[in-house]
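# Architecture at a glance
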Amino acid sequence: MKNMEEQAPPQPIRRRRSNVKVVPLIAVVGRPNVGKSALVNRIAGTQSGGAIVADESGITRDRTYRNAEFLGERFQVIDTGGLVFDDTESIFASQIRQQAMIAIDEAAAVILVVDGQNGLTDLDMELASFL
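The structure contained in this document is the topic of the report that follows. (Residues numbered from 1 in each chain as written. Predicted model: local features only at pLDDT ≥ 70, side-chain atom pairs only at ≥ 80, totals over all residues. Heavy atoms only, no water.)

## So, the pairing of strand β1 (residues 25-30)
Of all six residues in β1, five are buried, a share of seventy percent or more. Alignment of β1 against strand β3 (residues 73-79), held across four bridges, turns out to be parallel. Bridge assignment links Leu25 to a residue of β3, and that residue is Gln76. Here β1 runs beside strand β4 (residues 109-113); their pairing, made up of five bridges, is parallel. Its bridge partner lying in β4, Gly30 is registered against Val113. (Buried < 20%, exposed > 50% of the residue type's maximum accessible area, 1.4 Å probe, protein only. Helix = DSSP H or I, 4+ residues; strand = E, 2+ residues; numbered from the N terminus. Pairing = 2+ DSSP bridges.)

Structure representation (structure tokens):
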């Protein structure tokens, strides 16, 4: 057996870096019917195949991912359903909240959408404090 002095020193671990660029995710959240889906469609640059926009609350329930590009940088925006903390708001409130929370956890950044015409509501302030 060779003694410790004769062994070659350990080599550093070299990790291969992938040339694949990770596309950042940006979650779009807010209370119901505040314009999240319209903003996602605008950012993504198209409404075909995009988020459904309607005046009815609760249309968006699952999170949806849309590809987008700004100043040559590619990213994805995640459209979420209206986020509420009171489960009596709708029969799907807890499921919609769960989907929004997944989007928030996945995202590199979060955009909180509020309604500029109606002003800040207590729920908007609660969401802002939560984030």
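## Quick word on the pattern of salt bridges
Tallied over the entire structure, the rule returns three salt bridges. Arg31 is paired through a salt bridge with Asp124; the nearest N and O atoms lie 2.9 Å apart. You can see Arg31 sitting in the loop between β1 and α1 (36-44) and its partner Asp124 sitting in helix α3 (residues 122-130), a full 93 residues away along the chain. Judged by relative accessible area, which is 12%, Arg31 ranks as buried. Classification of Asp124 as buried rests on a relative accessible area of 1%. Residue Glu69 is joined to Arg74 by a salt bridge in which the shortest nitrogen-to-oxygen separation is 3.7 Å. When its relative accessible area of 47% is taken as the criterion, Glu69 is described as partly exposed. (Salt bridge = Lys/Arg side-chain N within 4 Å of Asp/Glu carboxyl O.)

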